[in-house]
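Chain by chain, the residues run as shown.
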Amino acid sequence: MTLGSPEDTSTGAVRNFLIEFLTDPLVIDIPSVFRQVLVRGWIAPLRAPKSAAAYKKIWTEDGSPLIYHTQKFTDKVRESLARRFEVRWAARYGRPTVEYHLKNWDIDELYVVPLYPQYALSSTQSALDEVKRAVRESGKSIKLKVLKDFFQEPEFIHSQSQQILYHATQFKPDHYLLSFHGLPVHHVQKLHPLRCQLIPGCCEKVTEANRWCYRAQCMATSRAVAKSLNLSAEKVTVSFQSRLGRRPWIEPFTDQVIQTLVENGVRKLLVSCPSFVADCLETLEEIEIRLKEQFIALGGKDLRLAPALNSEDFWIQDFMQMVSRQTLPWADA
C-alpha cells in the first residue's frame, strides 16, 4: 500500500484527492465536524490550484510518478514472487482501492506492507486501518499479517545506501542532506509513553520507550545509512520537510537547514529522502525543483536529488529478501 495520487492534474481532481486525504481523522486529528468544514471550506479550495500547478511540473506521459513507479515496482515483485504469492498494490487515497481488489480476490491470508519505512499514525496506521475496514466490510475471513515499519531493516538500508552512493559518485557533493517527511509534534507525542518533548538526545537511539516515535526512527535510518556509506557526522545533516499549518512540526526544517549549510560553505549538496520509496510530489517538485532553486538563490552552486528507490533492481532484490526473511517482525492484525 502507498499513499496514492490524484487522477490527473486538473484542479478538480486535485481538490477531490486533498479532501479524501485531509479528512482522514489520522491526518488532521480534530473533531469530525470541524475537520470537514476546515478541509472542504478552506484548505482544499485554497490549496488545490497551487497543488495542481505543482503536479503539472512533475506529471509524465505515464501519469503520476508515484503511481507509475509503484506499479512498476509491483510488477517486478510479482514476477519474482509468482510461485509463492499473488502480489497487488492499493492506494490509501484514490485508486486502486483495497475494496476493488477484495471483490475479485479469493484469498484467506494477506500480507500487508505499507510502503512507508518509518511508522506514523497518519501514514502507516491509516493504511492498516483501511485494510482492516475493507476486509471487515467484505465479509470474508482473511488472516492479516502486517509489516508496520522497516526503517532499519538491513535490506532497506542497503538499497538506500546504494542509491545514494551511485549518485554521489557521479555528483561528488561536499555535503549530504537526508530530508524526511515532517509530522506535527503532537502526532509524535501521541505514541510516546513519556510524552516526548523532542529534547536534545531524545532520538539518539531507538528504545522500548520511543519504539514508535517517528522522529527517532528517522534518526535511526540516518545513522544506519551514514554508517553504511562511511560518512562522518560532519558530512550528513538530517531535516524534515513538507510542514503545513501553524501547529508545531518536528525540526529542523529542510528549507531552513539549507541556509545554514550555505553559510557554512556547502556548495554542492546531495539530497536523499529516505521516507519515500517512490518519487512523488514531495521529492520531485518540493526538493528537486523548489529546494534546488532556493539553494542556488542562497549562494549554493548545485543541488541534486538522489531519486527514491522506485523500481531499481537492487531494491527489488532487497525487498524480496526482506519480506521473505523469517526474522522479519510481521504482526497479526
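Residues numbered from 1 in each chain as written. Predicted model: local features only at pLDDT ≥ 70, side-chain atom pairs only at ≥ 80, totals over all residues. Heavy atoms only, no water.

Enquirer: Can you explain the packing of aromatic side chains? Please cite residues and give values.
Expert: Think of a pair of aromatic rings as described by two things: how far the centres are apart, and how the planes are tilted against each other in angle. Across all of its chains, the model carries 14 aromatic pairs by this definition. Between the aromatic rings of Y55 and W59, the centroid separation amounts to 6.0 Å while the plane-to-plane angle is 80°, which identifies the pairing as edge-to-face. The buried category is assigned to Y55, whose relative accessible area is 10%. Considering the side-chain rings of F85 and Y111, the 5.8 Å spacing of their centres and the 75° angle between planes classify their relative orientation as edge-to-face. (Phe/Tyr/Trp six-rings, centres within 6.5 Å; stacked < 30°, edge-to-face > 60°. Buried < 20%, exposed > 50% of the residue type's maximum accessible area, 1.4 Å probe, protein only.)

Enquirer: Could you give an account of the nonpolar core, naming the residues involved and the relevant values?
Expert: Ranked by internal contacts, the top residues of the largest apolar core, which has 44 residues, are F150, Y214, F240, W315 and F319. Secondary-structure elements contributing two or more residues to this core are α3 (65-81), α6 (154-171), β3 (175-181), α7 (185-190), α8 (214-228), β4 (236-241) and α12 (313-324). Setting aside residues no more than four positions away along its own chain, F240 makes contact with F180, H181, G182, Y214, R215, C218, M219, I250, E251, P252, F253 and T254. One finds L261, V262, V266 and V271 within the second-largest nonpolar core, a separate group that totals 36 residues. (Core = buried A, V, L, I, M, F, W, Y, C linked by side-chain atoms within 4.5 Å. Helix = DSSP H or I, 4+ residues; strand = E, 2+ residues; numbered from the N terminus. Contact = heavy atoms within 4.5 Å.)

Enquirer: Tell me what's going on with the pattern of salt bridges, and back it up with residues and numbers.
Expert: In this structure the tally under the stated criterion is 18 salt bridges. K132 serves as the salt-bridge partner of D129, at 3.7 Å between the closest nitrogen and oxygen. A residue pair is termed a helical-turn pair when its members lie 3 or 4 positions apart in one helix, as D129 and K132 do in helix α5 (residues 121-138) at three residues. Of the residues examined, D129 reaches a relative accessible area of 32% and is grouped as partly exposed. A residue is classified by how much of its surface remains accessible, and K132, at 30% relative accessible area, is partly exposed. We note a salt bridge from E153 to R325, for which the minimum N-O separation is 2.7 Å. (Salt bridge = Lys/Arg side-chain N within 4 Å of Asp/Glu carboxyl O.)

Enquirer: How would you explain the sheet that holds β3 if you had to name every residue and give the values?
Expert: Strand order in this open sheet of four strands is β4-β3-β5-β6, and the pairing throughout is parallel. In this open sheet, the two edge strands, each paired with only one partner strand, are β4 and β6 (302-306). Pairwise comparison of adjacent strand axes, ignoring direction, gives a mean angle of 25° for this sheet. Looking at chain direction, β3 and β4 are connected through six bridges and run parallel. By the bridge assignment for β4, F180 is matched with F240. Where helix α9 (residues 254-263) meets the sheet, it contacts β3, β4 and β5 (268-272), and its direction lies at approximately 150° from that of β4. (Pairing = 2+ DSSP bridges. Axes fitted to C-alpha atoms, helices over the stretch in contact; angles between N-to-C directions.)

Just geometry here; none of it tells us what the structure is for.
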